[in-house]
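# Descriptive structure summary
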Amino acid sequence: MGILLPVFAFVLINTIVLYRQALAAADTAYDRTLLATAKSLGEQLRVTGSGSDLRIESTLLYSALEAFEADNRSRIFYRVSGLKGEMVSGFDDLPAWRHDIPQKNLYAALVNFYDDEYRGVPVRMAVLLQPVSGVYEQGMATIQVAETLELRQTLARQILIDTLWRQAALVIVIALVVVFVVQRATRPVRALSHALGMRSENDLSPLSTEGAPRELLPLLDATNQHMQRLSHLLEHQKRFVRDTSHQLRTPLAVLKTQLQSARRGDVAPQQALEEIGHTVERATELANQMLALAKVEQLRQDGSAPVLDWSGVVRAVALDLSALIADRSLDFSLETQAAPVQAHEWALRELGRNLLHNAIKNTPPGSRLAVALVADGQTAALTIHDEGPGISPDLRERLFQPFATDHQRAPGVSGSGLGLAICREIVLSLRGSIDLDNRIHQGRVCGLDATVRLPLASSSTPA
């Protein structure tokens, strides 16, 4: 419809212009007849008398003008005026000439054509200034010839009708072509809409691009990428719900059992409260880490992060955990350099807290624990050196999987198994890498080096 409306508007405007042009063409054609009629009248004039009695006489009979009438649909009227404008012959009520001879004329005669009205009917008027002469005298007669417009209007309408039906046929052809082309062009879009409508709400598989027109490929690629992100997000949510329900079931069951045991008096009240408190702390830690894992995915989907100095976050985390470091009497050292990275502060704090907390738990009391942050111009590397037992070979394969028991590094040390999984998700969301390597000295493991590398933010990155 958006294509046909301009076509219809153009046809309407063209019809008006065409009708006016047809009238002008009819005037040009029939003006020659009027001029021939006026010249015939001029040939029948003669000058008589002399001096003050000089006058012009006409011998033309009105019946002689019938030859110039094309048919009975138009009539011709005339008037011949003498040297002083006096009536010579014709219709004395024909309007007198009140115009001038145009400077530029298509005809080799002193003639003027214009539209006028006679006896309440529109007419086309031709005025010819005709030189006349007698034996001794000469002068200039004014010959007016008027013709009604029926024949001219009929000719113009006929030209218009002949042209209009061709234009109507052209518009119909254009409409058929437009409908056919639009239907053909939108067929892939309708097929895509139908395919999407028939899918179930959980079907996020990629759309097929086979046989798709080239114009739709960018849309299909963008849709497939969006569906891939939605599929990843949906899978993450399903995994989160599944893991949460599975992991929280155990501490809640334990808590219920402890409450029932305390009510029956199986254990002393103080011992029961300590056991319940320990279970609540473990469940709280697990819930916090599950929420942290979910928040990492939320930040990954957000995509926009400010530029922060990583060194300030590392020092703040070390200060938060200083009580744990002092409680285990660790020989702690901290060295940092300025390292601007594009990341959310929460993500950097959670990353540093999990790595440093694991190192504190797995480092024997009185041992050395070192944290170093260095930048080399392209990347920043955070390394935590501990003197713990390192990583067992059977745990290395599933080191960063959720609920892989990181306390297997040091028997007796509790943990939910989510700390390293959170660290890995944070690092991946920041386009970095994380490595855990046993430190070997004289053939035995003497500690673990946890190293995180993140790209430095460029100077053009918005803060």
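Described below are features of the structure shown in this document. (Residues numbered from 1 in each chain as written. Predicted model: local features only at pLDDT ≥ 70, side-chain atom pairs only at ≥ 80, totals over all residues. Heavy atoms only, no water.)

### Thoughts on the packing of aromatic side chains
Basically, it comes down to this: Pairing of aromatic side chains here covers Phe, Tyr and the six-membered ring of Trp, requires ring centres within 6.5 Å, and sorts the geometry by plane angle: under 30 degrees stacked, over 60 edge-to-face, intermediate tilted. Going along the chain from the N terminus, every DSSP run of H or I of four or more residues is numbered as a helix, and every run of E of two or more is numbered as a strand. Exposure is judged per residue with a 1.4 Å probe applied to protein chains only, and the accessible area is read against the type maximum: over 50% gives exposed, under 20% gives buried, and values in between give partly exposed.
The tally for this structure, following the rule as stated, stands at four aromatic pairs. Relative to tyrosine 118, the ring of phenylalanine 77 has its centre 5.0 Å away and its plane inclined at 65°; by these criteria the two rings are edge-to-face. Of this pair, phenylalanine 77 sits in strand β3 (residues 76-81) while tyrosine 118 sits in strand β5 (residues 111-118), placing them 41 residues apart in sequence. By relative accessible area, which is 5% here, phenylalanine 77 ends up buried. Ring geometry for tyrosine 78 against phenylalanine 91: centres 6.3 Å apart, planes inclined by 85°, an arrangement best described as edge-to-face. In this pair, tyrosine 78 is assigned in strand β3 and phenylalanine 91 in the loop between β4 (87-90) and β5, connecting sequence segments 13 residues apart. Across this residue pair, the class does not change: tyrosine 78 and phenylalanine 91 are buried. Among the aromatic residues, ring-to-ring pairing joins Phe77, Tyr78, Phe91 and Tyr118 into one connected group.

### Some points on the sheet that holds strand β6 (residues 121-133)
As a reminder, the rule being used: A pair of strands is labelled paired if DSSP reports no fewer than 2 bridges between them. With axes taken as lines fitted to C-alpha atoms, and helix axes fitted only over the stretch in contact, angles between N-to-C directions fall between 0 and 180 degrees.
Pairing in this open sheet of five strands is antiparallel, and the strands run β4-β3-β7-β6-β5 from one edge to the other. Either end of the sheet is taken by a strand with one partner, and the two such strands are β4 and β5. Strand-to-strand twist in this sheet, taken as the mean axis angle between neighbours without regard to direction, amounts to 25°. As judged from the eleven bridges shared by β6 and strand β7 (residues 138-148), these two strands associate in the antiparallel manner. From the neighbouring strand, glutamine 130 faces β7, where its bridge partner is alanine 141.

### Some remarks on the side chain of serine 261
Where we set the bar: Pairs of residues are marked as contacts when any of their non-hydrogen atoms sit within 4.5 Å.
With respect to the secondary-structure elements, serine 261 resides in helix α3 (residues 217-264). Assessed through its relative accessible area of 14%, serine 261 is described here as buried. Apart from the residues within four sequence positions on either side, serine 261 is in contact with Asp266 and Val267.

### Topic: the nonpolar core
We count it as follows: In this text, buried Ala, Val, Leu, Ile, Met, Phe, Trp, Tyr and Cys residues form a nonpolar core when linked through side-chain atoms within 4.5 Å.
Membership of the largest hydrophobic core comes to 41 residues, with the highest contact counts inside it found for Trp310, Leu348, Leu351, Leu355, Leu356, Ile384 and Val452. Of all the elements in the fold, those that place two or more residues in this core are α4 (269-302), α5 (310-320), α7 (345-362), β11 (368-375), β12 (379-386), α9 (419-429), β13 (433-441) and β14 (444-455). Residue contributions to this core peak at seven residues, all from α7. The residues contacting tryptophan 310, other than those within four sequence positions of it, are Ala339, Val341, Leu348, Leu351, Leu373, Ala380, Leu382, Val452 and Leu454.

### Some remarks on the pairing of β14
Bridge count for β12 against β14 is eight bridges, and the pairing is antiparallel. In the strand pairing of β14, leucine 382 is matched with valine 452. What sits between β13 and β14 in their antiparallel hairpin is a turn of two residues, with glutamine 442 showing a positive phi close to 55°.

### Details of the side chain of threonine 451
Tracing the backbone through its elements, the reader meets threonine 451 in strand β14. Residue classification places threonine 451 among the buried residues on the basis of a relative accessible area of 10%.

### What to know about the pattern of salt bridges
Put simply, the test is: The term salt bridge refers to a side-chain nitrogen of Lys or Arg lying within 4 Å of a carboxyl oxygen of Asp or Glu.
Following the criterion strictly, the structure yields nine salt bridges and no others. Between aspartate 93 and arginine 119 there is a salt bridge, with its nearest N and O atoms 3.3 Å apart. Placement of the pair is aspartate 93 in the loop between β4 and β5 and arginine 119 in the loop between β5 and β6, with a sequence separation of 26 residues. When the shortest N-O distance is used, the salt bridge between arginine 353 and glutamate 350 registers 3.6 Å. With arginine 353 and glutamate 350 both in helix α7, this residue pair falls three residues apart, about one helical turn. For glutamate 350, a relative accessible area of 12% gives the class buried. The structure contains a network of salt bridges with shared partners spanning Asp31, Asp115 and Arg124.

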